[in-house]
Amino acid sequence: MGDHHRHGSSQVGRVCCCCCATVKTGSVGIVEKCGKYTDIAHPGCHWLCCCFGTTMAGFVSMRMRDLLVQTSTKTRDDVFVDIKVSVQYQVVEERVQEAFYKLTDVNKQMEAYVYDVIRSEVPQMSLDELFLSKEKIAEQVKLELGTIMRGFGYSIFATPVTHIEPDAKVKAAMNEKNKNLRLRDAAGDAGEADKIRVVKFAEGQARQVEIAADAEAQRITIVATAEAESKFLQGQGLARQRVALMAGLSDACNQFVDALGEKRDVSVREVLDLQLMNQYFDTLREMSKDGKGHTVFFPSNPGGTADVASEVRMGLLQASAPRLAAMTNQHH
């Protein structure tokens, strides 16, 4: 280390032939007397007693320095990787003497220790774990290197792992693997999106069918209600029409009897027979209007009409017989 500093002395200080030495800012000088260390020269101009063997043996830089260490090792899953570690170090001011005299080449010494830590830690990890454990490796390097280099007068500030590079073929395989995983995830996402789209479309269709069914049910209900109301009103109109018709027929029959000079009222049966006759002739007239050429045979003599009236009355009496019997039983 001493030789290194002597050869580089022009950068951190200068020794003049007149026993005058200057030390630049950011460095210190090593003063020897007859080849023995005596003192440290701080930045500035120093007079040396050259006659008595006092000389400036060399200079030590007090600046923060950086050493980039690159090594290759194998992971637990047999993948070779190149790793770069940046070692940031500085001479401890109180131990400048050790830093100058104990090591010949501090860089090679630190490289050796970094190699040892990296090659003992990385083989315990897989490639994926290595990428996730950069901070752990950096802390381990700093801890072990700092403990050792402290005895040589150096302080280790940080040892970040700046680069991890696997073999090119392994890197290509990892990229292909990640590509396939991403394609699989993309396909799964696309399938899930299609599923959601189909489900939503089916739900929309079902909702539309449900709304259409409700609308149709409401329409049918409204139409049925309207038809029922229409039938009810038609029934009321027909009943009133028949009442008016019966009243008119009754008045016409009474007027006819009065015109004949008979002193009696027309009976209900006679009025009903007359109404049946009118309906009979109305039916014949309606059947002749359609012009479809159908032939229907009806009894057309007055006796046949009387028979029809008798059958209608008999049907009415038979239909009302059970109701009259029930009312009689309840009365008893």
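Residues numbered from 1 in each chain as written. Predicted model: local features only at pLDDT ≥ 70, side-chain atom pairs only at ≥ 80, totals over all residues. Heavy atoms only, no water.

Participant: Please clarify how the overall build of the protein chain should be interpreted in this entry.
Facilitator: From N to C terminus, the protein chain includes nine helices and ten strands. Counting only residues that meet the buried cut, the protein chain has 24% of its 332 residues in that class. Counted over contacts in the protein chain with a minimum sequence separation of 6, partners at least 24 positions apart contribute 65%. Of the accessible surface of the protein chain, which amounts to about 22700 Å², a share of 57% is contributed by carbon and sulfur atoms. (Helix = DSSP H or I, 4+ residues; strand = E, 2+ residues; numbered from the N terminus. Buried < 20%, exposed > 50% of the residue type's maximum accessible area, 1.4 Å probe, protein only. Contact = heavy atoms within 4.5 Å. Areas by Shrake-Rupley, 256 points an atom, 1.4 Å probe, with all protein chains shown as cover.)

Participant: Just to check I follow, could you spell out helix 4 (residues 106-121) for this structure?
Facilitator: An α-helix turns once per 3.6 residues; consequently, residues spaced three or four apart project the same way. Between its terminal C-alpha atoms helix 4 stretches 23 Å, which fits the 22 Å expected from 16 residues at 1.5 Å a residue. Contact partners of the buried residues in helix 4: strand 7 (65-74), strand 8 (80-91), helix 6 (134-150) and strand 9 (154-158). In this structure Asp-105 caps helix 4, since a side-chain oxygen of it lies 3.2 Å from the backbone nitrogen of Asn-107. (Expected span 1.5 Å × (residues − 1). Polar contact = N/O pair within 3.5 Å; in protein donor to acceptor, adjacent residues only side chain to side chain.)

Participant: Quick question: what am I supposed to make of unusual backbone geometry here?
Facilitator: Across the chain, the bulk of peptide bonds are trans and the bulk of non-glycine residues have phi less than zero. Positioned with a positive phi, Cys-34 is a non-glycine residue whose angle comes to about 60 degrees. With respect to the helices, strands and loops of the structure, Cys-34 is situated in the loop between strand 3 (27-33) and strand 4 (36-41).

Participant: Help me out: how do you make sense of the pattern of salt bridges in this one?
Facilitator: Any two side chains of opposite charge can pair, given that their charged atoms come close. Scanning all chains against the criterion turns up seven salt bridges. Lys-74 is the partner of Asp-78 in a salt bridge, and the nearest nitrogen-oxygen pair spans 3.5 Å. Note that Glu-129 and Arg-76 form a salt bridge whose closest N and O atoms lie 3.4 Å from each other. Here Arg-76 lies in the loop between strand 7 and strand 8 and Glu-129 lies in helix 5 (residues 127-132), a separation of 53 residues in the sequence. (Salt bridge = Lys/Arg side-chain N within 4 Å of Asp/Glu carboxyl O.)

Participant: I'm lost on the packing of aromatic side chains in this one. Help?
Facilitator: By convention here, two paired aromatic rings are described through the distance between centres and the angle between planes. Overall, the coordinates contain three aromatic pairs when judged by the stated rule. Taken together, a centroid distance of 4.9 Å and an interplanar angle of 80 degrees make the contact between Phe-100 and Tyr-101 edge-to-face. An aromatic cluster is built from Tyr-37, Phe-100 and Tyr-101, whose rings are joined through pairwise contacts. Here the guanidinium or amino end of Arg-119 rests over the ring plane of Tyr-115, the centre of that ring lying 5.0 Å away. (Phe/Tyr/Trp six-rings, centres within 6.5 Å; stacked < 30°, edge-to-face > 60°. Lys NZ or Arg CZ within 6 Å of the ring centre and 35° of its normal.)

Participant: It is not clear to me how the environment of Tyr-154 should be interpreted in this structure. Could you clarify?
Facilitator: Along the chain, the position of Tyr-154 falls in strand 9. You can call Tyr-154 buried: its relative accessible area is 0%. Through-space distance from the C-alpha of Tyr-154 to that of Glu-93 is 9.0 Å; in sequence the pair is 61 residues apart.

Participant: Got a minute to help me understand the side chain of Ser-126 in this structure?
Facilitator: Inspection of the secondary structure puts Ser-126 in the loop between helix 4 and helix 5. Here Ser-126 falls in the buried class, since its relative accessible area comes to 13%.

Participant: Would you take a moment to explain the environment of Phe-80 for this structure?
Facilitator: Of note, Phe-80 is situated in strand 8. For the pair Phe-80 and Pro-166, spaced 86 residues apart in sequence, the C-alpha to C-alpha distance is 6.0 Å. Those residues in contact with Phe-80, other than ones at most four positions away along the chain, are Thr-73, Lys-74, Glu-165, Pro-166 and Asp-167.

Participant: I would appreciate a short explanation of helix 6 in the present structure.
Facilitator: In a regular helix each residue adds 1.5 Å, so 17 residues correspond to 24 Å; helix 6 covers 24 Å between its end C-alpha atoms and thus fits that length. Turning to helix 6, its buried residues are Ile-137, Ala-138, Val-141, Leu-145 and Met-149. Along the long axis of helix 6, the arc covered by the buried residues comes to 95 degrees, so they all point the same way. Exposed side of helix 6, more than 90 degrees from the buried face: Glu-135, Lys-136, Leu-143 and Thr-147 are the residues found there. Next to the buried residues of helix 6 lie strand 8, helix 4, helix 5, strand 9 and strand 10 (161-166). (Arc of directions from axis to C-beta.)

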